[in-house]
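Next come the chains, spelled out residue by residue.
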Amino acid sequence: MHLSPARLAAAALCAATLAPTLAAACGGVFCNSGPGQPPVAQAGENIVFAPDGDQMHMIVRLTWSGPPTEFGWLMPVPPDVEAAVAPEGLFVQLDQALTPFFVLRAVFQEGCGDDGFGGMGGSPGAGGQPGAGGSAGVDVLARAPVGPYDMVVLRGDDFGAIEGWLRTNDFQVPNGAAAVMQPYLEMRQAFMALKLLPGTSGGDVVPVHLTFTSPTPAIPLRPTGLAADRDMPIRVHLLGPARAVPINYLHVQIDQARVDWSTGGDNYDDVVAVAVDDAGGQAFATDFAGTFRPVAPRRLESATLEAVAAARTVGELRAVADGDAVWYLINGPDTLRVLRAALDPNAEIGADDVLARLTCPWNGCGIPPSVDAVGLDGAALVERLEGEIFGPWERIDALFDAHPFVTRLTTRMDMDEMTVDPVFDFNPDLDRVSAQRQAFRFFRCAPGGGWDPVRGHIEFNDGRFMGAVRSRNQAIRRRDGRVVQGAGLRGAWIVEQHYAAGQPDIVADYADQATETRVRPSYPTYQDGDDGAGGLDGDDGAGAAGGAPNVGGSGEPWTPPGSYREPDGGAGAGADDDDTGCDCRADGGDASTAWLAVLLLAALRRRRR
């Protein structure tokens with residue numbers, strides 16, 4: 001079944017209809033490196049949306065390719081936009097917890113000898129003021145330093161005048177911007193431009209937290225198409241009352257047979273890229289939909305902050321009272337940047353060595369004690385801690401308090417596909433989606449006894465079987481936007497159109513084109529294994545005993561049909577009140593390590609015989 005042109009046309013019409021209410025989310029990253037220098041292109045966007053009454057919060061993390069000595073960022077925004085910095089640690093936690101991971105649960109054939117291993121029922125855990133420099137036809141609504149950025153917000157009737165102001169004031173404007181920005185100009189949008197302040201570098205780039213009036217989360221993606229890498233990843237996290245869906249882009253369910261399960265799904269983004277292409281180039285896949293709460297660093301007590309502000313050397317900072325409270329904070333992902341700004345700029349010791357010394361207060365991690373003599377501006381450190389870590393995290397905590405349900409959508413797009421701004425809404429009628437995806441790996445008896453690490457098969461929750469060795473050869477892999485393995489295979493299983501209520505319409509169903517083995521193998525009897533960890537946790541964080549969550553589905557337990565049985569499992573401890581599937585093996589071991597042990601010992605037995 002092929003994509004319906006009518007569906008694609010309807011999506012484009014929907015985009016045009018909704019355009020006036022778009023909430024600005026991202027623009028384009030451009031290079032100030034000058035003629036003849038390699039350009040800076042946007043390499044990815046990681047976005048968080050959170051509604052707050054008639055206000056919309058949007059936090060953007062930017063990545064780019066090319067020399068990051070200088071860069072510029074230009075995006076359409078509502079005129080009342082306010083900007084602040086946001087912590088990198090938020091996106092680190094989102095990536096760690098909500099990125100899909102793929103786990104094979106092992107099941108073993110009976111009668112393979114007494115030196116084998118029981119079933120592994122567990123799975124690894126996911127565990128300002130207006131500035132000077134105005135010109136005719138341009139209103140400078142705001143210009144102020146925001147963290148490492150020089151930020152300006154402009155408004156006018158002619159983008160040519162806006163472009164002239166930006167170039168005169170050393171802001172980067174890409175070639176062809178006027179035509180792309182014209183629709184936003186007609187919607188009476190303002191334009192925000194960022195560049196790095198003097199004395200900063202690419203390492204100082206931090207996420208940006210924007211707040212503005214808007215009822216609808218949406219991504220002005222067309223400016224990004226002026227300078228973007230091939231297969232650029234876009235990940236959108238939407239906080240709201242229910243699962244979020246794209247309403248003017250299509251949605252894809254990936255074909256799980258195209259995932260490399262032997263590596264935990266390290267090619268997941270490649271499969272999504274092909275699935276998006278199968279849907280016409282404008283579609284999203286759902287990575288996760290459920291409750292999630294990031295963990296903010298602990299705010300230091302006032303007395304501790306006063307002691308930190310008084311510190312003049314690294315040694316004095318290490319001696320601050322309140323013991324490990326300081327070190328608990330300093331081990332966060334934003335701290336190296338904050339600490340670097342407070343150190344003596346003439347010190348020959350790098351900030352990473354200082355951080356290592358601080359995070360190991362008892363033995364210094366092998367860093368020489370001479371580091372303690374490095375000069376430190378304690379007052380500047382406290383100012384950066386408050387402005388770039390504690391304060392921003394308080395705002396983020398308030399957003400997740402108001403909206404504990406999070407949806408993560410992902411896509412990969414080329415520049416020529418960024419022609420429609422995606423719009424999102426919340427649908428209360430849809431099931432949750434776990435980040436943890438599972439299938440069953442069945443081991444057969446080896447001719448000489450024990451289990452054969454080669455023969456056997458994998459069974460997916462849609463009833464398909466595939467040879468375990470063949471499954472890796474059927475995985476899709478891409479490089480530089482081109483398929484280098486699995487050419488001709490589809491990444492999409494289902495292409496669908498979602499709405500703000502009800503179930504989606506099926507646009508394309510590629511299940512009938514799958515050629516994997518569908519006939520049940522002839523060795524149907526398998527033994528139960530030892531107790532393993534539980535399955536996907538529920539609302540209260542408790543893992544279901546021995547359960548395996550439906551791959552990409554509602555979280556209902558799934559077991560192989562007929563005479564196939566998964567290993568018995570003991571109850572596993574779920575993550576604390578979230579749906580991220582953070583369950584561990586009951587014996588405390590790592591399931592991937594156990595997998596390796598099974599394969600190595602089975603191979604060793606064959607060699608000895």
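Residues numbered from 1 in each chain as written. Predicted model: local features only at pLDDT ≥ 70, side-chain atom pairs only at ≥ 80, totals over all residues. Heavy atoms only, no water.

Attention now goes to the overall build of the protein. The secondary structure content of the protein amounts to 13 helices and 26 strands. For the protein, buried positions account for 55% of its 609 residues. Total accessible area on the protein stands at roughly 24300 Å², and carbon and sulfur atoms take up 52% of it. (Helix = DSSP H or I, 4+ residues; strand = E, 2+ residues; numbered from the N terminus. Buried < 20%, exposed > 50% of the residue type's maximum accessible area, 1.4 Å probe, protein only. Areas by Shrake-Rupley, 256 points an atom, 1.4 Å probe, with all protein chains shown as cover.)

For the rest of this paragraph, the subject is the nonpolar core. Ranked by internal contacts, the top residues of the largest apolar core, which has 44 residues, are Leu-90, Phe-292, Leu-317 and Leu-343. Secondary-structure elements contributing two or more residues to this core are β3 (41–52), α2 (88–98), β7 (101–109), α6 (302–310), α7 (314–318), α9 (335–342), α10 (351–359) and α11 (378–402). Not counting the four nearest positions on each side in its chain, Leu-343 is found in contact with Val-314, Ala-351, Val-354, Val-374, Gly-375 and Leu-376. The next biggest cluster of nonpolar side chains, apart from the first, holds 40 residues, and it includes Ile-47, Val-153, Val-236 and Val-420. (Core = buried A, V, L, I, M, F, W, Y, C linked by side-chain atoms within 4.5 Å. Contact = heavy atoms within 4.5 Å.)

Here we take up the pattern of salt bridges. Taken as a whole, this structure holds 23 salt bridges when the rule is applied. When the shortest N-O distance is used, the salt bridge between Arg-61 and Glu-88 registers 2.4 Å. Separated by 27 residues along the polypeptide, Arg-61 in strand β4 (residues 55–65) and Glu-88 in helix α2 bring together distant segments of the chain. Each member of the pair, Arg-61 together with Glu-88, is buried. Note that Asp-401 and Arg-293 form a salt bridge whose closest N and O atoms lie 2.5 Å from each other. Highlighted residues: Asp-401 in helix α11 and Arg-293 in the loop between β16 (283–291) and α6, separated in sequence by 108 residues. Ionic contacts of the salt-bridge type, sharing partners, join the residues Arg-61, Glu-88, Asp-95, Asp-287 and Arg-408 into one network. (Salt bridge = Lys/Arg side-chain N within 4 Å of Asp/Glu carboxyl O.)

Let us look at the packing of aromatic side chains. Across all of its chains, the model carries 8 aromatic pairs by this definition. Between the aromatic rings of Phe-159 and Phe-191, the centroid separation amounts to 5.3 Å while the plane-to-plane angle is 70°, which identifies the pairing as edge-to-face. Of this pair, Phe-159 sits in helix α3 (residues 159–168) while Phe-191 sits in strand β10 (residues 190–196), placing them 32 residues apart in sequence. An identical accessibility class is assigned to Phe-159 and Phe-191; each is buried. Their ring planes at 45° and their centres at 6.1 Å tell us that Trp-261 and Phe-460 sit as a pair that is tilted. (Phe/Tyr/Trp six-rings, centres within 6.5 Å; stacked < 30°, edge-to-face > 60°.)

As a rule of thumb, non-glycine residues mostly have phi less than zero, and peptide bonds are mostly trans rather than cis. The residue Asp-170 is not glycine, and still its phi comes out positive at about 65°. Within the secondary structure, Asp-170 sits in the loop between α3 and α4 (177–186). Positive phi values are uncommon outside glycine, yet Arg-188 reaches one of about 65°. Its relative accessible area of 38% is what places Arg-188 among the partly exposed residues.

Let us now look at α10. Ala-351, Val-354, Leu-355, Arg-357 and Leu-358 are the residues of α10 that are buried. Each buried residue of α10 lies within a common arc of 160° when the element is viewed along its axis, so the set occupies one face. (Arc of directions from axis to C-beta.)

Take the confidence of the model for the protein next. Summarising the model, the protein shows a mean pLDDT of 73, and 66% of its residues fall at 70 or more. Contacts from residues 517–578, a stretch scored under 50 in pLDDT, to residues over four places away or in other chains number 185 contacts. (pLDDT = per-residue confidence, 0-100.)

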